[in-house]
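# Structure assessment
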Amino acid sequence: MSAPIARSVAEHAAVVAELIGPTVTATVPLCGSRGSVTASTIVAGTRLPRFDNSAVDGFAVAAGGRRLTVDERQEFELVGQINAEPGEYPRLVAGLALRIMTGAPVPDGVDAVVAQEHVTRDGDRIRIAGGIAPSLNIRAAGEEVPDGAVIARRGAVMTAGLAGLCAALGINTVEVYAKLRVAILSTGSELVEGSAGSPRHELRPGEILASNAIMLTHAVAECGATVVHTATVSDDPEDFLDAMTRAGALADVVITSGGIGFGDHDVVKSSLRDRGVDLCIVNMRPGRPQGAGRFEGVAVVTLPGNPLAALASFEAFIRPALRTAMGFSGDGRPTLRAQLNHTIDTRPGTVRFILGAVANAPSGSVPVVDLTTTGRGLSAVIGANCFTFLDTDRPRLAAGDLVTVTVEGGAPGDLAR
Ligand SMILES: Nc1nc2c(c(=O)[nH]1)N[C@H]1C(S)=C(S)[C@@H](COP(=O)(O)OP(=O)(O)OC[C@H]3O[C@@H](n4cnc5c(N)ncnc54)[C@H](O)[C@@H]3O)O[C@H]1N2
Ligand code: MOO
């Protein structure tokens, strides 16, 4: 048996990043661009607002261009009403006023719009107490967005607000990096797919509920890619290879879980190692066995089956590669420098993936983190709101030492564990 390839975490991350590579760019309808990254600059082809309009419900007054001071008690003759609806309105002559609604076009000749709560009306005459600054309550054409303004640069994320602004400007399509299509294959003859909701049927001895597919589906979606296919297959090589071909036909990237260890039935390893996928050992725990390559031309990343190892591997290798390929810059989640609240044994030479709980600190002080590990299983997520990849030469870290944690699922709260 030949010695497996050994790689550092950084080396394997580089292999996976290179494998997944940048996605193509595509011009897509605005409604299909949610969460994508722009591949070109978006420029306004018109201005916003398109025309001068009223910011309040009130009265548009024509004062002949004069600034109305506080001590003047101005009176105007009311000659009509303008609603927020299409229409053209003649120039308003000095001394006249129009009832006007929020958003309605302000005709030429109007010096200001006075909110109705500052106006006394008596039939077709209105009186204004107090001064009126020029252009009061008038939203000028182009004041928000001038024609030709840059709305977003390449690399911006299509958020709800940005989509709304594009729509307001009549921009109906945007050029974005395509979202990667991901397939997830779970391997293991012991796996049973739980029916939606509670698992009703009895598991036979030796069977377990498959949980990696749903976990990885969440993880893939959370980093902006799309899961297009999931399947669970036994440890039979023929079934597995059939499933790989089906998955590869649908996806840009196939993620497998399980079957890359050192046992007698490691189907992923035995089936793929001579078909373009390199299996290796990485200095990370959990998540030592890894693999990556191309099967029938499609990018494949093979993760260990141990659920916490699969999660660590996704975070270390797949998430960064998927995000970079889709044009995102950075992780998209906050990291914090936090103070350990206990001592911790490390493993120099090995990168340890540890879930933890980081607590809010009074403003100006360093947050505190609890990285107490409770076994090697997924139960580590209980009470966790962050994780770290601990990589240090020191065999032990003491309470008060600083570590960098990635915060997940909202702001830090009180220490829950
Ligand atoms: N002799 C040695 N044996 C093992 C070593 C070693 O160094 N020497 N390393 C261990 C480590 S570390 C890992 S990680 C595993 C990797 O093995 P596999 O990738 O082949 O994973 P499986 O054997 O298929 O599964 C491991 C474990 O996880 C459960 N599992 C698998 N898939 C799922 C799923 N979809 N949902 C939930 N749980 C799943 C599976 O039942 C096993 O309990 O190798 C060690 N062995
Ligand atoms: O390296 Mo394994 O992946 O510790 O669970």
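The present account deals with the structure reproduced in this document.

What counts and what doesn't
Residues numbered from 1 in each chain as written. Chains lettered and ligands numbered in written order. Predicted model: local features only at pLDDT ≥ 70, side-chain atom pairs only at ≥ 80, totals over all residues. Heavy atoms only, no water. Near = heavy atom within 4 Å. Polar contact = N/O pair within 3.5 Å; in protein donor to acceptor, adjacent residues only side chain to side chain. Nonpolar A, V, L, I, M, F, W, Y, C, P; charged D, E, K, R; others polar. Helix = DSSP H or I, 4+ residues; strand = E, 2+ residues; numbered from the N terminus. Buried < 20%, exposed > 50% of the residue type's maximum accessible area, 1.4 Å probe, protein only. Contact = heavy atoms within 4.5 Å. Pairing = 2+ DSSP bridges. Axes fitted to C-alpha atoms, helices over the stretch in contact; angles between N-to-C directions.

Attention now moves to the site of ligand 2. In the vicinity of ligand 2, the residues found are Arg 285, Pro 286, Gly 287, Arg 288, Pro 289, Asn 306, Ala 309 and Arg 376. Gly 287 places a polar main-chain atom, nitrogen or oxygen, 2.5 Å from an oxygen atom of ligand 2. Asn 306 is positioned with one of its side-chain polar atoms (N or O) 2.4 Å from an oxygen atom of ligand 2. Taken together, the residues of the shell around ligand 2 sort by class into three nonpolar, two polar and three charged.

Bringing the side chain of His 342 into the picture now. Within the secondary structure layout, His 342 lies in the loop between β23 (335-340) and β24 (344-345). A relative accessible area of 16% places His 342 in the buried class. Polar contacts involving the side chain of His 342 include one to the main-chain amide nitrogen of Leu 371, which spans 2.8 Å. Here the side chain of His 342 touches Thr 372 through a polar contact of 3.5 Å, landing on its backbone nitrogen. Setting aside chain neighbours within four positions, we find His 342 in contact with Val 369, Asp 370, Leu 371, Thr 372, Leu 397, Ala 398 and Ala 399.

This next bit is on the sheet that holds strand β22 (residues 298-303). Here we have seven strands laid out as an open sheet, ordered β1-β19-β21-β22-β18-β14-β17, and mixed in their pairing. For this open sheet the edge positions go to β1 (5-7) and β17 (226-233), each flanked by a neighbour on one side alone. The mean inter-strand angle of the sheet, taken between neighbouring strand axes irrespective of direction, is 25°. One ladder, built from five bridges, connects strand β19 (residues 277-282) with strand β21 (residues 289-295); its direction is antiparallel. Across the sheet, Cys 280 pairs through a bridge with Gln 290, a residue of β21. The strands touched by helix α6 (residues 307-325) are β14 (181-187), β18 (253-257), β19, β21 and β22; relative to β22, the strand with the most contacts, the crossing angle is about 155°.

Attention now goes to the pairing of strand β10 (residues 125-128). Every second residue of β10 is oriented toward a common face, the buried set being Ile 126 and Ile 128 and the non-buried set Arg 125 and Arg 127. Alignment of strand β6 (residues 74-82) against β10, held across four bridges, turns out to be antiparallel. Across the sheet, Phe 76 pairs through a bridge with Ile 126, a residue of β10. The sheet contact formed by strand β9 (residues 119-122) and β10 spans four bridges and is antiparallel. Opposite Val 119, over in β10, you have Ile 128 as the bridge partner.

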